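Survey of secondary and tertiary structure
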Amino acid sequence: MLHQHHELARDYDVMVCEGGRWVHATDQAELQGLHYPERVRPPAPLQPVPHSPHLLQSTSFHSLQQLEVDWGPDLNYAFLSPIYDSISKKGYSAAGFDPVELSLALSGCKTPLVALGGITAERVGAAADAGFDGVAVLGAVWQSDHPERAVENLLQACSACAEA
């Protein structure tokens, strides 16, 4: 998944969206997909990537109102952030979503949603209970004195949610 620097996609022969239009990159992609930050996300509904319809597409949302938009079936998943104060981005505070409004928005959204921002093993269960389809983790591993243990704890927390 190419999260940033979409210009690198040219090296892997895919189509990229630049300034709201698709530009040919080439046809031998090793990429699994493209992630669109909010500032470069194509308008809804998202369309398949021309010449590379197999690529997954994701984006980032930062408000509950964005979950009300019908992004179409070609948006494979989206991140909603920041759920908690970011661990990896100092000073990036939680969005302060109202828990009831968050659960309602998640249950009405057609796109699978991944919680991002301040996720730790201790918060995985709360994200699942709120209705998220998954969690994404950065700082809980990067900032840990014991990253291997942090990964093990996260995997155990995810397994516990899957079994519930």
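Cut-offs and rules
- Residues numbered from 1 in each chain as written.
- Predicted model: local features only at pLDDT ≥ 70, side-chain atom pairs only at ≥ 80, totals over all residues.
- Heavy atoms only, no water.
- Helix = DSSP H or I, 4+ residues; strand = E, 2+ residues; numbered from the N terminus.
- Buried < 20%, exposed > 50% of the residue type's maximum accessible area, 1.4 Å probe, protein only.
- Contact = heavy atoms within 4.5 Å.
- Areas by Shrake-Rupley, 256 points an atom, 1.4 Å probe, with all protein chains shown as cover.
- Pairing = 2+ DSSP bridges.
- Phe/Tyr/Trp six-rings, centres within 6.5 Å; stacked < 30°, edge-to-face > 60°.
- Lys NZ or Arg CZ within 6 Å of the ring centre and 35° of its normal.
- Disulfide = S-S within 2.5 Å.
- pLDDT = per-residue confidence, 0-100.

1. Comments concerning the overall build of the chain
Counting its regular elements, the chain contains four helices and seven strands. When the helices and strands of the chain are listed from N to C terminus, the series reads β-β-β-β-β-α-β-α-β-α-α. Counting every position in the chain, which comprises 164 residues, the buried fraction comes to 40%. Put simply, 49% of the contacts in the chain that link residues at least 6 apart link residues at least 24 apart. Of the roughly 9400 Å² of accessible surface on the chain, 52% is carried by carbon and sulfur atoms.

2. What to know about the pairing of strand 4 (residues 56-61)
Where burial is concerned, most of strand 4 is hidden: five out of the six residues are buried. Bridge analysis of strand 3 (residues 33-36) against strand 4 gives four bridges, and the strand direction is parallel. When the bridges of strand 4 are listed, Gly 33 appears paired with Leu 56. Looking at chain direction, strand 4 and strand 5 (residues 77-80) are connected through four bridges and run parallel. Each bridged residue has a counterpart across the sheet, and for Phe 61 the counterpart in strand 5 is Leu 80.

3. Details of the packing of aromatic side chains
Aromatic ring pairs: the centre-centre distance and the angle between the two ring planes describe each pair. Summed over the entire model, instances satisfying the criterion amount to two aromatic pairs. Considering the side-chain rings of Phe 61 and Trp 71, the 5.5 Å spacing of their centres and the 35° angle between planes classify their relative orientation as tilted. Of this pair, Phe 61 sits in strand 4 while Trp 71 is found in the loop between strand 4 and strand 5, placing the two residues ten residues apart along the sequence. Here Phe 61 falls in the buried class, since its relative accessible area comes to 0%. We classify Trp 71 as buried; its relative accessible area is 8%. Taking 5.7 Å as the distance between ring centres and 85° as the angle between the ring planes, the aromatic pair formed by Tyr 77 and Phe 79 counts as edge-to-face. Looking at Lys 89, its charged tip hangs above the ring of Tyr 92, at a distance of 5.2 Å from the centre. One residue, Arg 123, lies across the ring of Tyr 84, its end atom 4.1 Å from the ring centre.

4. Let's talk about the state of the cysteines
Counted under the stated rule, the structure contains zero disulfides. You can see Cys 161 has no disulfide; the closest cysteine sulfur is in Cys 158, sitting 6.5 Å from it.

5. A word on the environment of Phe 97
The topology assignment puts Phe 97 in the loop between strand 5 and helix 1 (99-108). Here Phe 97 falls in the buried class, since its relative accessible area comes to 18%. Placed 15 residues apart in sequence, Phe 97 and Pro 82 show a C-alpha to C-alpha distance of 9.2 Å. Those residues in contact with Phe 97, other than ones at most four positions away along the chain, are His 62, Ser 63, Leu 64, Leu 80, Ser 81, Pro 82, Ile 83 and Leu 102.

6. Considerations on the confidence of the model for the chain
Per-residue pLDDT for the chain has a mean of 83; in total, 81% of the residues score no lower than 70. The low-confidence segment residues 1-14, where pLDDT is below 50, has 46 contacts with residues more than four positions distant or belonging to other chains.

7. Let's talk about unusual backbone geometry
Cis geometry marks the peptide bond from Ala 44 to Pro 45; its omega dihedral reads -5°. Along the chain, Pro 45 turns up in the loop between strand 3 and strand 4. Pro 82 follows Ser 81 through a cis peptide bond whose omega is -10°. By the secondary structure assignment, Pro 82 is in the loop between strand 5 and helix 1.

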